[in-house]
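Breakdown of the fold
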2 protein chains.
Amino acid sequence: MASHHPLPFDPIDRAAQLWQERIGPAATMAAVTNIMRVQQILQSSVDAALRPHGLTFARYEALVLLVFSRQGSLPMNVMGQRLQLHPTSVTNIVDRLQADHLVERNGHPTDRRTTVVTITEAGRQRQKAATVAITDIDFGLIGLDDTQTVQLTALLTQVRRAAGDFNQSS
Amino acid sequence: MASHHPLPFDPIDRAAQLWQERIGPAATMAAVTNIMRVQQILQSSVDAALRPHGLTFARYEALVLLVFSRQGSLPMNVMGQRLQLHPTSVTNIVDRLQADHLVERNGHPTDRRTTVVTITEAGRQRQKAATVAITDIDFGLIGLDDTQTVQLTALLTQVRRAAGDFNQSS
DNA sequence: GGGATTTGGTTGGGCGTCCTACTGTTGGAT
DNA sequence: ATCCAACAGTAGGACGCCCAACCAAATCCC
């Protein structure tokens with residue numbers, strides 16, 4: 001039973017709508033709500049596409065990162081920086097990838113604190129198969145043409161920059 | 001928090017960059033990555049602002065929904081529809097709100113299956129205080145002017161519509 | 001009426017993220 | 001040379017989301 005209002009404003013969540021009527025920064029609230037919701041949609045789509053391959057998006061990203069690294073291996077802290085993840089999240093992800101024999105943990109030759117993660121041959125194959133699945137569904141991002149996709153990326157990049165997500169100290 | 005892990009350089013995640021060099025739909029991947037990351041940033045900002053009030057964004061949204069409902073109460077399934085949440089998530093959220101005496105659970109007068117959630121006076125006050133905190137930080141969304149915020153909302157709404165996010169609300 | 005189906009809600013489990021706290025290691029400052 | 005602050009990684013816990021499975025109630029339908 002969809003309410004068949006042809007168009008204009010149903011697109012915003014009820015909560016945000018009420019905000020618009022009664023509270024202040026409705027536009028911002030609507031944008032935030034939309035980001036939250038779209039992220040959820042994309043996460044769901046992508047994870048569904050990856051599930052048959054035994055991967056989640058987080059683990060897939062980690063595999064991609066390793067595949068495209070020179071040696072097929074990176075220290076865990078570097079992975080955390082690249083993927084913008086908390087150290088404990090990296091530990092968690094690597095744990096699961098290792099349990100699936102997609103990566104290995106090795107000690108660093110000179111710094112005994114650091115652990116180097118190396119992708120296995122099985123990991124490379126898994127990543128390749130998962131890439132097919134994920135590109136087949138366009139990463140779950142649908143409804144936008146190329147121009148709009150670029151536009152969206154630009155806006156979000158601007159937010160990230162304002163939040164100090166990039167130019168942190170080296 | 002992002003500041004825990006300084007990112008050395010560039011605008012786009014390393015993984016997305018490499019995609020751009022070597023694989024196909026780089027633009028889409030970049031957009032998806034950005035959405036994921038911005039969501040994370042917003043979630044972090046908002047939750048930080050709400051933490052002193054003992055709330056998370058999910059629970060705050062539930063309170064807002066109840067505050068602006070006619071009776072200050074809604075069935076759980078309706079909350080799930082409005083907030084686009086899985087039934088188990090609603091159970092979880094209401095559990096915690098109830099533990100804080102911000103809402104009550106009551107039986108539905110005619111349908112004994114449904115549980116009606118009602119906000120308490122403490123809940124209304126908590127919501128009000130939290131609203132101040134959250135608007136003070138602009139919901140964590142910074143770096144965009146009003147036009148760009150509207151533009152962003154439009155693009156994301158388009159994605160949600162394409163994903164069928166508005167089709168079933170009954 | 002009475003069985004089959006649908007619906008509302010909960011439980012248990014998996015996964016991801018963060019936080020705090022802790023062990024080792026490194027390397028600079030005294 | 002030694003001490004100490006910073007760093008790398010992990011353990012344990014909280015929270016959120018989802019899925020599968022389940023019970024109870026309502027509804028459909030023969």
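The rules behind these values
- Note that residues are indexed from 1 along each chain, following the sequence as it is written.
- Chains and ligands are labelled by the order in which they are written, letters from A for the one and numbers from 1 for the other.
- Reporting in this predicted model follows two pLDDT cut-offs: at least 70 for local features of residues, and 80 or more for side-chain atom pairs to be given and counted; totals over whole chains, interfaces and linings ignore these cut-offs and use all residues.
- Only hydrogens and water are set aside when side-chain values are computed; all heavy atoms of the structure are taken into account.
- Helix numbers and strand numbers start at the N terminus; a helix is a DSSP run of H or I with at least 4 residues, a strand a run of E with at least 2.
- Only protein chains enter the area calculation, which uses a 1.4 Å probe; residues under 20% of their type maximum are buried, those over 50% are exposed, and those in between are partly exposed.
- Contact between two residues is taken to exist if any of their heavy atoms lie within 4.5 Å; hydrogens are not considered.
- Shrake-Rupley sampling with a 1.4 Å probe provides the accessible areas, and residues are treated as covered by the protein chains on show and by no other component.
- We call a residue near a molecule or strand when any one of its heavy atoms sits within 4 Å of it.
- Two N or O atoms count as a polar contact when they lie within 3.5 Å, although within protein this holds only if one can serve as hydrogen donor and the other as acceptor, and sequence-adjacent residues are included solely when both atoms are side-chain atoms.
- Put simply, Ala, Val, Leu, Ile, Met, Phe, Trp, Tyr, Cys and Pro go in the nonpolar bin, Asp, Glu, Lys and Arg in the charged bin, and everything else, Gly too, in the polar bin.
- Salt bridges are defined by distance alone: a side-chain nitrogen of Lys or Arg within 4 Å of a carboxyl oxygen of Asp or Glu.
- Side-chain atoms within 4.5 Å link the members of a nonpolar core, which is a set of buried Ala, Val, Leu, Ile, Met, Phe, Trp, Tyr and Cys residues.
- A cavity here means a set of 1 Å grid points, computed over protein atoms only, where a 1.4 Å probe fits but cannot escape. A pocket is an open set with protein on both sides within 12 Å along at least 5 of 7 lines, and lining residues have an atom within 4 Å of a point.
- Grid points are joined across faces, edges and corners, and a volume is the space filled by probe spheres set on the points.
- Two strands qualify as a pair provided that DSSP identifies no fewer than 2 bridges between them.

Observations concerning the overall build of chain A
Per the secondary structure count, chain A includes seven helices and three strands. Within chain A, the fraction of its 170 residues that count as buried is 50%. Restricting the contact set of chain A to residue pairs at least 6 apart, pairs at least 24 apart contribute 48%. Accessible surface, chain A as shown: approximately 8,500 Å² in total, 50% of it carbon and sulfur.

Describing the protein's contact with DNA strand C
A:Thr56, A:Asn92, B:Asn77, B:Thr88 and B:Thr91 are the nearest of the 26 residues found near DNA strand C. The side chain of A:Ser89 places a nitrogen or oxygen atom 3.0 Å from a phosphate oxygen of DNA strand C. Between DNA strand C and the protein, one listed contact pairs a base oxygen with a side-chain N or O atom of B:Arg113 at 3.0 Å. Those elements that provide at least two residues to the surface near DNA strand C are helix H3 (57–67) and helix H5 (87–99) of chain A together with helix H4 (76–83) and helix H5 (87–99) of chain B. The leading source of residues in the surface near DNA strand C is H5(A), at five residues. Of the residues belonging to the surface near DNA strand C, the class tally is six nonpolar, 13 polar and seven charged.

Regarding the protein's contact with DNA strand D
Surveying the vicinity of DNA strand D reveals 23 residues, the closest of which are A:Asn77, A:Thr91, A:Thr115, B:Thr56 and B:Arg96. Taking all atoms of DNA strand D within 4 Å of the protein, the share assigned to sugar and phosphate is 76%. At 3.2 Å from a base nitrogen of DNA strand D is found a side-chain nitrogen or oxygen belonging to B:Thr88. Within the side chain of B:Arg113, an N or O atom sits 3.4 Å from a sugar or linking oxygen of DNA strand D. Counting only elements with at least two residues in the surface near DNA strand D, the list comes to helix H4 (76–83) and H5 of chain A together with helix H3 (57–67) and H5 of chain B. Considering every element that reaches the surface near DNA strand D, the biggest residue donor is H5(B), with four residues. When grouped by side-chain class, the residues that make up the surface near DNA strand D number five nonpolar, eleven polar and seven charged.

Structural notes on the pattern of salt bridges
Tallying each qualifying case throughout the model produces eight salt bridges over all chains. Between A:Arg37 and B:Asp165 there is a salt bridge; the shortest N-O distance is 2.7 Å. One end of the pair, A:Arg37, is in helix H2 (residues 26–50); the other, B:Asp165, is in the segment after helix H7 (146–162), on a second chain. You can call A:Arg37 buried: its relative accessible area is 14%. In this structure, a network of salt bridges that share partners links the residues A:Arg37, B:Arg160 and B:Asp165.

Examining the nonpolar core
A:Met79 and B:Met79 are the most contacted members of the largest nonpolar core, which has 83 residues in total. Setting aside chain neighbours within four positions, we find B:Met79 in contact with B:Ala62, B:Leu65, B:Leu66, B:Leu74, B:Val90, B:Val94 and B:Val117.

Notes on empty space enclosed by the protein
Residues and elements named next belong to chain B. The full count for this structure, using the stated rule, is one cavity of 30 Å³ or more. The calculated volume of the largest cavity comes to roughly 30 Å³. Contributing to the lining of the largest cavity are Ala62, Met79, Gly80, Leu83, Leu85, Val90, Ile93 and Val94. Sorting the residues of the lining of the largest cavity by element identifies H4 and H5 as the ones contributing at least two each. Classifying every residue of the lining of the largest cavity by side-chain character gives seven nonpolar, one polar and no charged.

Some details on the pairing of strand E3 (residues 115–119) of chain B
Residue and element names in this part refer to chain B. Two elements, strand E1 (residues 73–75) and E3, share three bridges in a ladder whose sense is antiparallel. Across the sheet, Ser73 pairs through a bridge with Thr118, a residue of E3. In this sheet, E3 lies alongside strand E2 (residues 103–107) in antiparallel orientation, the contact comprising five bridges. Within the sheet, the bridge partner assigned to Gly107 lies in E3 and is Thr115.

Things to note about the side chain of A:Ser69
Residue and element names in this part refer to chain A. Along the chain, the position of Ser69 falls in the loop between H3 and strand E1 (73–75). From its side chain, Ser69 meets the backbone oxygen of Leu66 in a polar contact 2.6 Å long. A polar contact is formed between the side chain of Ser69 and the backbone nitrogen of Ser73, at a distance of 3.2 Å.

With respect to H4(B)
Of all the residues in H4(B), the buried ones are B:Met76, B:Val78, B:Met79, B:Gly80 and B:Leu83. Remark: B:Gln84 follows H4(B) within two positions and exhibits a positive phi of approximately 55°.

Things to note about unusual backbone geometry
Backbone phi values are negative for most residues with the exception of glycine, while trans is the configuration of most peptide bonds. With a phi close to 60°, A:His101 is a non-glycine residue in the positive phi region. Position of A:His101 among the secondary structure elements: in the loop between H5 and strand E2 (103–107). Phi is positive for B:Phe139, close to 60°, though the residue is something other than glycine. As for its placement among the helices and strands, B:Phe139 is situated in the loop between helix H6 (121–136) and H7.

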